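Each chain is listed here by its residues.
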Amino acid sequence: MAGMQIDPSGLDPRDAYRLMISVIVPRPIAWVSTVSPDGATNAAPFSYFQALGGKPPMVMIAVGDRRTGEHKDTRRNIEATGEFVINMVGEREGPAMVKTSIDHPYGVSEFDEAGLTALPSELIKAPRIGGCGVSLECKLDRVLEIAGSGICIGEVVLFHVEDALLDENGVVDPLRLNPLGRLGGSGYATLRETISIDSTGATQTTWSAKLDLWRELRERSIAMVNALSVEQLAAGSGRIFLELAGQEGEWDSSWSADRLASELAGQHAPQDDLHARIRAEAWYQGQAALIHRDDFPGADLWRA
Ligand SMILES: Cc1cc2nc3c(=O)[nH]c(=O)nc-3n(C[C@H](O)[C@H](O)[C@H](O)COP(=O)(O)O)c2cc1C
């Protein structure tokens, strides 16, 4: 296999950075909220972010300095207060998250600039970011100075997890969380499909679907078997099973109708004579509901 070798010692640091962020992908994003000693809230994303251990749970973010050589506000606040919150970024939070990556003068709150809601934390003063399904309250363990960055290592002292994200085993279902992964430049990966690989190497795919889909279903008057309204369903969580030429996919609330439409038109390629059968199950406050409709042309439903 032909390839090239790149000696980083000969690279301009900016090119080394570009290479790093294009090969180490996708990176999870810590949306870090902090507060200054005089009470100004701050939020910024960091994709040099990792879990370090479980006993106790430890995490790290690498905060580079600004071009001026000053520390970023996040690092200043973390060092001054010893506290920070890591909020996980779902696809829905992407645009607001990117807004908070703009450098504002110290003391200007990204919460205000990006229209974020500050929710109180339980054990620390730094606020959580409203709307994020997962937030980790962290206390600073130490800051290491490595490669021009302050590696802020923190202990997670409290996990906040939205109920709707939990699966039946009490852990977070990645498809429901649908975290953004950072790629190079302005690119992000979404999580719309997972595969499980068992010890024999057999794989199984799980897909997800979005609340928009519930609206799509309502607009197209798909019969509901019980009395729950689609508004109620949309406030809950659900799964949709699509049977297309014998394929059954499992979808949850993170797919857009558009994405699903293109997926159906492409990957699952409904033929003119193909009729899809859809069965959607949803849960609202513990009640099960069934929406179903048999024998509609897949193309009609999704492309119209
Ligand atoms: C998705 C994303 C990931 C980022 N990751 C990092 C990172 O790992 N380290 C870093 O120093 N800056 C990173 N940045 C840039 C900071 O978010 C940016 O410098 C921000 O203005 C810092 O804000 P602050 O001064 O309020 O701390 C990232 C930006 C984006 C959009």
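Relevant structure appears above.
Residues numbered from 1 in each chain as written. Predicted model: local features only at pLDDT ≥ 70, side-chain atom pairs only at ≥ 80, totals over all residues.

1. Observations regarding the site of the ligand
Okay, so step 1: Taken together, the neighbourhood of the ligand is formed by 18 residues, with Ala-44, Tyr-48, Gly-64, Lys-72 and Thr-74 sitting nearest.
Okay, so step 2: Looking at which element gives the most residues to the shell around the ligand, the answer is strand 3 (residues 41-46), with four residues. (Near = placed C-beta within 6 Å. Helix = DSSP H or I, 4+ residues; strand = E, 2+ residues; numbered from the N terminus.)

2. Comments concerning the sheet that holds strand 12 (residues 188-189)
Okay, so step 1: Overall, antiparallel pairing links the three strands, which are arranged 1-11-12 in an open sheet. What marks the edges here is a single partner per strand, and that holds for strand 1 (27-28) and strand 12.
Okay, so step 2: Relative to strand 11 (residues 181-182), strand 1 is paired through two bridges, and the arrangement is antiparallel. The residue of strand 11 that forms the bridge with Arg-27 is Arg-182. (Pairing = 2+ DSSP bridges.)

3. Considerations on unusual backbone geometry
With the exception of glycine, most residues fall at negative phi, and the peptide bonds are largely trans.
Okay, so step 1: In the segment running from Val-25 into Pro-26, the intervening peptide bond is cis, with an omega of -15°.
Okay, so step 2: Tracing the sequence through the fold places Pro-26 in the loop between helix 1 (13-23) and strand 1.
Okay, so step 3: With omega at 0°, the peptide bond leading from Lys-55 into Pro-56 counts as cis.
Okay, so step 4: Among the secondary structure elements, Pro-56 is positioned in the loop between strand 4 (49-54) and strand 5 (57-64).
Okay, so step 5: Positive phi is not limited to glycine here, since Ala-147 has a value of about 50°.
Okay, so step 6: With 9 C-beta atoms counted inside 10 Å, the residue Ala-147 sits in the exposed group.
Okay, so step 7: Here the phi dihedral of Asn-178 falls at roughly 45°; this positive angle occurs in a residue that is not glycine.
Okay, so step 8: What makes Asn-178 buried here is the crowd of 24 C-beta atoms within 10 Å. (Buried ≥ 20, exposed ≤ 12 C-beta atoms within 10 Å, placed from the backbone.)

Take it as geometry only, folks, not as evidence of what the structure does.
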